[in-house]
Amino acid sequence: MKKKVLFLSVCSLLAGWTLNAQDINRMVLQANKIGAEIQPTMYGHFFEDINFGADGGLYAELVKNRSFDFPQRLMGWDVFGNVTVQDDGPFERNPHYVRLAYAGHDQKHTGIENEGFFGIGLKKDAQYRFTVWARGAGQSVRVELIDNASMEESQVLVSQDLKIDSPEWKQYEVLLTSPQTIAKAHLRIFLTSPGPVDLEHVSLFPVDTWKGHKNGLRKDLVQALADTKPGVFRFPGGCIVEGTDLATRYNWKNSVGPVENRPVNENRWHYTFPHRFFPDYFQSYGMGFFELFQLSEEIGAEPLPVLNCGLACQYQNDSEDAHVKVEDLGSYIQDALDLIEFANGGTDTKWGKLRAEMGHPESFDLKFIAIGNEQWGPEYPARLEPFVKAIRAAHPEIKIIGSSGPGSEGEAFDYLWPEMKRLKVDLVDEHFYRPEKWFLSQGNRYDNYDRKGPKVFAGEYACHGANGKKYNHFHASLLEAAFMTNIERNADVVHMATYAPLLAHVEGWQWRPDLIWFDNLRSVRSCSYYVQQLYGTNKGTNVVPLRMDGKPVSGQAGQNGLFASAVWDEPTQTYIVKVINTSDTAQPVAITFEGLKSSQRLAAEPSIVFHSDNPDADNTLDNPTAIVPRETLAPTVGGNQMTAEVGAQTFAVYKIKVGE
Ligand code: AHR
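One numbering rule holds for all chains: residues counted from 1, following each sequence as written. This being a predicted model, a pLDDT of at least 70 is required before a residue's local features are given, and a value of 80 or more before pairs of side-chain atoms are given or counted; all residues contribute to the totals for chains, interfaces and linings. Excluding hydrogens and water, the side-chain values take into account all heavy atoms of the structure.

### Quick look at the overall build of the chain
- Segments assigned H or I by DSSP are reported as helices when at least four residues long, segments assigned E as strands when at least two residues long, and all are numbered from the N terminus. Within the chain, the secondary structure is distributed over eleven helices and 38 strands.
- Restricting the calculation to C-alpha atoms gives the radius of gyration, and the globule rule supplies 2.2 Å times the number of residues raised to the power 0.38. In terms of C-alpha radius of gyration, the chain reaches 27 Å, essentially the compact-globule figure of 26 Å for 660 residues.
- Overall, the chain is about 95 × 60 × 45 Å in size when its C-alpha atoms are taken along their principal axes.
- For the chain, the residues scored as buried account for 60% of the 660 residues in total.
- Under the convention used here, a 1.4 Å probe and the Shrake-Rupley method define accessible areas, while residue burial counts only the protein chains that appear. Carbon and sulfur atoms make up 51% of the accessible area of the chain, which amounts to about 24800 Å² in all.
- For the chain, the distance from the average site of its 64 positive side-chain charges to the average site of its 83 negative ones is 6 Å. Only protein chains enter the area calculation, which uses a 1.4 Å probe; residues under 20% of their type maximum are buried, those over 50% are exposed, and those in between are partly exposed. Here the positive residues are Lys and Arg and the negative ones are Asp and Glu; neither His nor the chain ends is included. Taken as the charge location is NZ of Lys, CZ of Arg, CG of Asp or CD of Glu.

Following this line, the structure appears as structure tokens:
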């Protein structure tokens, strides 16, 4: 019910607006009803190696096919002179390497050149660590970074000679400083002695990685993740957990130990979409489970690994034979138990010892594990059940996450939820990549969920623009913000939520929209990113009831396109109110804080608003800050009431501190 009253706010007066008598949207916040705890895991990230998110993205390695173990051994490399591929190298699981030998003319006529991932991005004055395993007594090579603009203009940016002084395999290192910023350099190595010289695991990293780790991650991208204050970090997929087939599923045991000996795996996304073929998309596993656990720890998020449940991707494999029979699941279940030991086990255990050898003797304090990704049909619970039994028996402390299938509702979803309850998993993973209309209609999605069953993990979601034509545009992010009020209001049942996918290389994407885009040098935080960040950094500790006409503010009829939720933040003694106005007109809002003690006073902090005049606009690499949250004047507070004008198509965050 709308009431006609005179609405004036300090903001509006200062902004020069003339407000006449108009409709006020009256809401009641029950200040004395500090409700369910908002789980520290509530907002987080889901990382999958899709869109060149790992190799060529977050993982800072700049050389593609560094171990010559792609099925086409020289993919990513140009060779000249006398170069042969050998297969008896020092690393058992990556046995190939190249031999550079005299080409019959000048010795410099033999060499190799790597194209990187869409080129090699270099920054002026930054240092790059080149390493290589080599053998060849009394030999030498030259290592160069070159500008590859064109054959005619190919310029050497920096070069250094490297002496290979042993007939045995040995690792060599050279530091190169780039004299300029360039997005698409190449790496060239050529003989400067008669040879032969054998080269294996040719690697180039920026020295300045996240926290300076040697096998490190790209700093700007990790910083973006950390800046949302994520509470959970789900990895490594997604469909890559399932693989195109079981042989190419993500196998965490292949992703740990010395990087040189982590076998290359086909990336499941390389041929998935005919319009986005990437035949050169493989996983080096260089950023494997150790690095992903370490990353979770360093960004302050609970690690949440997802393991294959014995089913290959069901979209691509509908025959029984493609999957593991229930009675043959033993090694898959052992992988799950071993993973828990790798993360948490003592250094006297097999897998805990490996973790310690890799540099982390302390436990990673793993609390959650997911079994299966987007599975459906009776074949999934049949396989999940023995996992649950084994994990419960060995590790009752670990929370298990099951799947509700690929859809937000429908047959698979309706079948799997009761099955997940029957199996008593702790959380159920829901996925929804849905259009704007759907997001607008879901303001009450979780209000009536069973409070006694498993909790919800909204593990993959994103608003996809109408007709698939718009990506990461402002309007989609606004509707995500609106939807998230429902997640927040139902924090007693929703314990985690992660947008998906997370990362995308502008030249290498298979799936969009994505949260963060990047090229070889730059990155851009999408509008959806800022929504996640506003929630993550204004999470609060407890839900507080907020109602309009006695109902949740969820875009219902008569609510003028408004969505809203409220939380209490115990450490700062602050109520945080999020209001999303999805309508095309500004909406005056008055919130009464009911149940305050007479001694309590409200004081408003500056508001944060997120808005774009153009709903189709987005942030781009060339204009990364086109649409960002802005701090504006505080809302008006008087007595136990807060009033504000929420602009059309605006996400506003209000912080009201309580003092005596
Ligand atoms: O996020 C992209 C893909 O969407 C994930 O790999 C999969 O789980 C879902 O289908």
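### Quick word on helix H4 (residues 289–298)
- In terms of burial, H4 is a largely internal element, eight of the ten residues being buried.
- Within H4, burial applies to Phe 289, Phe 290, Glu 291, Leu 292, Phe 293, Gln 294, Leu 295 and Ser 296.

### Notes on the domain arrangement of the chain
- Throughout, the edges of the domains are those of an automatic or database domain assignment. Partitioning the chain into domains gives domain 1 (2–30 + 542–659), domain 2 (43–60 + 218–536) and domain 3 (77–206).
- Each partner contributes to the interface: domain 2 provides 20 residues, whereas domain 3 provides 21 residues.
- Using a 1.4 Å probe, buried area is obtained as the accessible area two parts lose upon being combined, added over both of them. Buried surface at the junction of domain 2 and domain 3, summed over both partners, amounts to about 1700 Å²; 57% is from carbon and sulfur atoms.
- Think of a salt bridge as a Lys or Arg side-chain nitrogen and an Asp or Glu carboxyl oxygen that are within 4 Å of each other. Between the two partners, domain 2 and domain 3, sit one salt bridge.
- Notably, a salt bridge pairs Glu 507 with Lys 184, separated by 2.9 Å at the nearest N-O pair.
- In protein, a polar contact requires one atom able to donate a hydrogen and another able to accept it; more generally it is a pair of N or O atoms within 3.5 Å, and residues adjacent in sequence count only if both atoms are side-chain atoms. For the pair domain 2 and domain 3, the interface holds twelve residue pairs in polar contact (both at pLDDT 80 or more). Here, residues are in contact when the closest pair of their heavy atoms is within 4.5 Å.

### Re the sheet that holds strand S12 (residues 170–177)
- Any two strands with at least two DSSP bridges between them are considered paired. Strand order in the open sheet formed by five strands is S5-S6-S14-S9-S12, with antiparallel pairing between adjacent strands. The sheet is open, and its two borders are formed by strand S5 (82–86) and S12, each paired with just one other strand. With direction set aside, neighbouring strand axes in the sheet form an average angle of 35°.
- Sheet topology places strand S9 (residues 127–135) next to strand S14 (residues 197–206); seven bridges connect them, and they run antiparallel. Looking at the pairing, Trp 133 lines up with Glu 200 of S14. Comment: axis = line fitted to C-alpha atoms, over the contacting stretch for helices; angle = value between 0 and 180 degrees taken between N-to-C directions.

### Details of the packing of aromatic side chains
- To pair, rings of Phe, Tyr and Trp, with the six-membered ring standing in for Trp, must have centres within 6.5 Å; the planes then decide the type, stacked if under 30 degrees apart, edge-to-face if over 60, and tilted in the middle. In total, this model carries 45 aromatic pairs according to the counting rule given.
- An angle of 70° between the planes, with centres 5.0 Å apart, marks the rings of Tyr 315 and Trp 376 as edge-to-face. Linking Tyr 315 in the loop between strand S18 (302–307) and helix H5 (330–344) with Trp 376 in the loop between strand S19 (368–371) and helix H7 (379–394), this pair joins segments that are 61 residues apart in sequence.
- Under the relative-accessibility criterion, Trp 376 is labelled partly exposed at 23%.
- Clustering of aromatic rings is evident, with ring pairs tying together Phe 47, Phe 233, Phe 235, Tyr 250, Trp 252, Tyr 285, Phe 289, Phe 290, Phe 293, Phe 342, Trp 351 and Phe 364.
- Charge over a ring is defined by NZ of Lys or CZ of Arg lying within 6 Å of the ring centre and within 35 degrees of the ring normal. The side chain of Arg 234 reaches across the aromatic face of Phe 46, ending 4.2 Å from its centre.

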